[in-house]
Amino acid sequence: MADGEASLRRLVWKRANARCEYCHLPSNCDVMPFCVDHIIARKHGGPTVPENLALACTLCNSYKLDNLSGIDPQTGLITRLHQPRQDDWLRHFRWQSAELRGLSDIGRTTIEVLKINLGQRVEHRELLIVLNMFPQP
């Protein structure tokens, strides 16, 4: 790994406080390694620069892939996904126990596309909450 790439990875991890920037899962609470996500995928011309990188858990990253948008389940309209470098997380999301609620079209669409409230993911967060290992705002 080149020094510049390692430096970028360290910056992304530190900036995210070692939590997924989409679902807020702490990296030490997952058996799968986290990855540095291109918010706008390279396929779509997204550069490998700090402003276009986010820390993502394996599940969020695997559902997001190179998607930039999805369908808002409430309105049925095409809506862009949450962009961690651009959007205020608290403006678009709120926790209701272990389930994430979308406060906006962006929040609802991101939750839907990234399958953040998939049953097994909610159960995992419920356990982490009982163990006082999942950050609640």
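Residues numbered from 1 in each chain as written. Predicted model: local features only at pLDDT ≥ 70, side-chain atom pairs only at ≥ 80, totals over all residues. Heavy atoms only, no water.

Asks: Just to check I follow, could you spell out the packing of aromatic side chains for this structure?
Replies: Each aromatic ring pair is summarised here by two numbers: the centre-to-centre distance and the angle between the ring planes. All told, the structure shown has 4 aromatic pairs when counted by the stated rule. Here the aromatic rings of Trp-13 and Phe-34 are separated by 6.1 Å at their centres, their planes lie at 35°, and the arrangement is tilted. Of this pair, Trp-13 sits in helix H1 (residues 3-15) while Phe-34 sits in the loop between H1 and strand S1 (35-38), and the two are 21 residues apart along the sequence. Judged by relative accessible area, Phe-34 falls into the buried class, the value being 7%. Measuring from ring centre to ring centre gives 6.1 Å for Trp-89 and Trp-95, while their planes differ by 35°; the resulting arrangement is tilted. (Phe/Tyr/Trp six-rings, centres within 6.5 Å; stacked < 30°, edge-to-face > 60°. Helix = DSSP H or I, 4+ residues; strand = E, 2+ residues; numbered from the N terminus. Buried < 20%, exposed > 50% of the residue type's maximum accessible area, 1.4 Å probe, protein only.)

Asks: Honestly, the pattern of salt bridges in this entry has me stumped. Any pointers?
Replies: Pairs can form between side chains of opposite charge once their charged atoms are near each other. Under the definition given, this model contains 6 salt bridges. In this structure, Arg-80 and Asp-87 form a salt bridge, with 2.8 Å as the shortest nitrogen-oxygen distance. We classify Arg-80 as partly exposed; its relative accessible area is 28%. (Salt bridge = Lys/Arg side-chain N within 4 Å of Asp/Glu carboxyl O.)

Asks: Looking at this model, I keep getting lost on helix H4 (residues 105-113). Mind explaining?
Replies: Burial analysis of H4 places 7 of its 9 residues in the buried class, the great majority of the element. Ile-106, Gly-107, Arg-108, Thr-109, Thr-110, Ile-111 and Val-113 are the residues of H4 that are buried. Once H4 ends, the next one or two residues include Lys-115, with phi positive near 50°.

Asks: Quick question: what am I supposed to make of a nonpolar patch on the surface here?
Replies: Taken together, the side chains of Leu-127, Val-130, Leu-131 and Met-133 make up a nonpolar region of the molecular surface, amounting to roughly 390 Å² of accessible area. For Val-130, the position within the fold is in helix H5 (residues 119-130). (Patch = residues over 30% accessible without salt bridge, like charges linked within 9 Å, V, L, I, M, F, W, Y side chains within 5 Å. Areas by Shrake-Rupley, 256 points an atom, 1.4 Å probe, with all protein chains shown as cover.)

Asks: How should I be thinking about the side chain of His-82 in this particular structure?
Replies: Along the polypeptide, His-82 turns up in the loop between strand S4 (78-80) and helix H3 (89-92). Judged by relative accessible area, which is 2%, His-82 ranks as buried. Apart from the residues lying within four places of it in its own chain, the contact partners of His-82 are Glu-21, Tyr-22, Asp-87, Trp-89, His-92, Phe-93, Ile-106 and Thr-110. (Contact = heavy atoms within 4.5 Å.)

Asks: Explain unusual backbone geometry to me, please; I cannot follow it from the model alone.
Replies: Note: most residues except glycine have negative phi, and most peptide bonds are trans. The backbone of Leu-65 sits at a positive phi, close to 50°, despite the residue not being glycine. Along the chain, Leu-65 turns up in the loop between helix H2 (58-64) and strand S3 (69-71). Notably, Asn-132 is not glycine yet its phi reads approximately 60°, a positive angle. Relative to the helices and strands, Asn-132 resides in the segment after H5.

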